[in-house]
Amino acid sequence: MAAQIKPYLAALLQKKLREEGRGLNDYRKIEVEINPLASSAGSARVKIGSTEVLVGVKLDVGEPFPDTPNEGVLIGNAELVPMASPDFEPGPPKPESIEIARVIDRGIRESHAIDMQKMVIKEGEKVWMVNFDVYPINHDGNLLDAGALGAIIALMNARFPKYDEKAGRVKYTELTKEKLPMTEIPIMTTFGKLSGTIFVDPTKREGDVMDTRLSITTLESEKASSMQKGGFGTFTKDDVLQMFDLAVEKGKELRKLLKQATSKA
Amino acid sequence: MKRGGYIMADKLFVKDHDVVVPGEELAEGLDYLPAGKAFRDGEKIFAATIGLVSVKGHVLKVIPLAGKYMPRRGDVVIAKVTGIGHSGWTLDINSPYMADLNIGEASSEYIDTNRHEMSEYFDIDDYVLCEVITISDAKFVKLTAKFRPYRRLSPGNIIEVSPTKIPRIIGKQGSMINTIKDYSKCEISVGQNGWIWISGEPEQQARVARVIKMIEKEAHKQGLTDRVKNMMEGK
């Protein structure tokens with residue numbers, strides 16, 4: 001379908017219009033559900049338009065990496081299941097799912113959103129390990145932003161399970177009231193570019209035809225913690241600066257929405 | 001009522017526009033004729049799928065609310081080219097069955113494969129407006145694109161809707177689709193298989209797509225024509 005609809009979408013974007021009637025720099029409607037999963041330490045369900053992802057957090061105790069004996073461990077994973085889209089096939093992880101997991105992971109890791117030094121039980125021996133899994137339920141584009149938003153919400157609302165130090169066992173189902181030591185709220189904003197027009201939050205149809213994309217994770221301090229470019233097209237320097245300013249603005253918007261949702265929960 | 005020596009009571013358990021579920025008993029007795037996704041088992045009529053009931057005289061019909069496209073002879077469909085062979089093309093018709101377009105059915109002219117590449121006529125990923133000519137018992141579907149208006153579709157907007165909603169999108173004698181065409185000045189081809197091709201001014205193309213999606217979503221409701229007019233006027 002991509003080749004067939006590309007000229008139409010390019011012409012539409014050139015006129016600063018989107019298929020759903022929103023503006024170039026608008027997100028689709030975002031809905032957030034906090035801790036929908038009873039069996040995980042923390043979870044989130046995020047909908048951006050008809051894109052839907054479920055993120056679960058698991059907290060475990062394990063050995064730290066030898067080069068960071070005084071820090072906890074963060075591991076992110078994404079599973080593109082066939083349920084989400086006919087484009088996804090079962091089998092070992094494909095580059096797309098690895099990219100999604102790593103870009104979301106990097107945005108959180110490099111922002112130091114979790115104070116990893118507070119996650120140590122015994123230096124060099126035992127630390128808390130944070131695992132988050134991103135599961136798209138429905139793919140209508142922009143899984144990166146939905147996954148990143150879901151991941152940070154799930155982490156912010158995750159609680160430590162009970163840990164029996166003597167037996168060295170984690171009681172996963174018994175949660176304490178203690179939350180993760182969060183210091184930042186990194187927010188990812190993904191831009192697409194098609195025939196010279198830059199737009200926020202590409203749908204699947206736009207994503208299939210766009211020349212290139214850039215995902216920027218921004219912090220409250222208006223700094224970027226990570227960037228990822230995809231696709232074969234190019235950006236100019238002005239493009240990148242313009243997108244960065246927009247990403248900061250969108251970050252503020254989403255952070256507000258996220259705080260509202262958290263205060264309600 | 002007396003029929004064949006038996007006393008029969010003809011009972012109808014549903015009304016027009018009722019929603020029914022598979023296996024639901026719709027009527028008893030021999031007075032009603034099942035149509036669509038309704039079937040007779042002995043003296044009773046049941047629904048075979050989830051759908052809307054339509055009662056017209058003695059015809060009791062169940063119109064499915066959801067389902068895949070099942071090809072029928074004479075259907076106009078929009079197909080996507082997925083393969084090129086020695087003597088024809090393989091196409092996806094948004095159905096469980098693939099379809100074949102034989103080289104003799106592709107054009108009203110003679111296609112000389114020594115002088116022309118097959119892909120000059122239909123290339124992979126092209127969309128073709130065509131008609132179903134035959135379906136074999138083994139569900140081999142054959143298409144034709146020999147006559148107007150059947151052709152390769154130029155770039156435009158392709159949208160996908162549930163094939164069961166196509167009659168509603170077309171409307172009575174094409175009333176709904178013609179309303180949309182008149183307001184939008186767009187060229188629209190509706191395939192029975194649920195794929196719709198829209199060509200015209202980009203803003204109108206997007207609007208038509210939104211209107212059609214609205215019809216798909218609200219197909220079971222009444223008074224859609226007025227809402228379509230309002231949406232097309234930009235209200």
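Every value quoted in this text rests on a predicted model; they were computed, and no experiment measured them.

Turning next to the domain arrangement of chain B. By the assigned domains, chain B splits into domain 1 (2–64), domain 2 (76–152) and domain 3 (157–232). Computed from C-alpha coordinates alone, the two centres of domain 1 of chain B and domain 3 of chain B are separated by 31 Å.

The next subject is helix H2 (residues 95–110) of chain A. All names here are of chain A. Its 16 residues give H2 an end-to-end C-alpha distance of 21 Å, which sits within 8% of 22 Å, the value for a rise of 1.5 Å per residue. Those residues of H2 not exposed but buried are Ile100, Ala101, Val103, Ile104, Asp105, Arg106, Gly107 and Ile108. In the core, the buried residues of H2 are packed alongside strand E4 (73–78), strand E6 (126–138), helix H3 (143–156), strand E9 (187–194), strand E11 (212–218) and strand E12 (224–231). Where H2 terminates, the next one or two residues include His112, which has phi positive at roughly 55°.

Here we come to the packing of helix H1 (residues 2–14) of chain A against helix H3 (residues 202–217) of chain B. At a minimum axis distance of 8 Å, the contact between H1(A) and H3(B) shows a crossing angle of 110°. On the basis of the axis angle, H1(A) is roughly perpendicular to H3(B). The residues of H3(B) that touch H1(A), namely those facing A:Tyr8, A:Ala11 and A:Leu12, are B:Pro202, B:Gln205 and B:Ala206. In terms of residue class, the contact of H1(A) with H3(B) is built from 5 nonpolar, 1 polar and no charged.

Our next topic: the sheet that holds strand E9 (residues 51–56) of chain B. Residues and elements named next belong to chain B. As summarised here, the arrangement of the 4 strands in space is E4-E9-E10-E6, forming an open sheet in which the pairing is mixed. Each having just a single partner strand, strand E4 (19–20) and strand E6 (33–36) make up the two edges of the open sheet. Pairing between E6 and strand E10 (residues 59–64): 4 bridges, direction parallel. Bridge assignment links Ala35 to a residue of E10, and that residue is Lys61.

Criteria and cut-off values
Residues numbered from 1 in each chain as written. Chains lettered and ligands numbered in written order. Predicted model: local features only at pLDDT ≥ 70, side-chain atom pairs only at ≥ 80, totals over all residues. Domains from an automatic or database assignment. Helix = DSSP H or I, 4+ residues; strand = E, 2+ residues; numbered from the N terminus. Expected span 1.5 Å × (residues − 1). Buried ≥ 20, exposed ≤ 12 C-beta atoms within 10 Å, placed from the backbone. Contact = placed C-beta atoms within 7 Å. Axes fitted to C-alpha atoms, helices over the stretch in contact; angles between N-to-C directions. Parallel < 35°, antiparallel > 145°, perpendicular 65-115°, else oblique. Nonpolar A, V, L, I, M, F, W, Y, C, P; charged D, E, K, R; others polar. Pairing = 2+ DSSP bridges.

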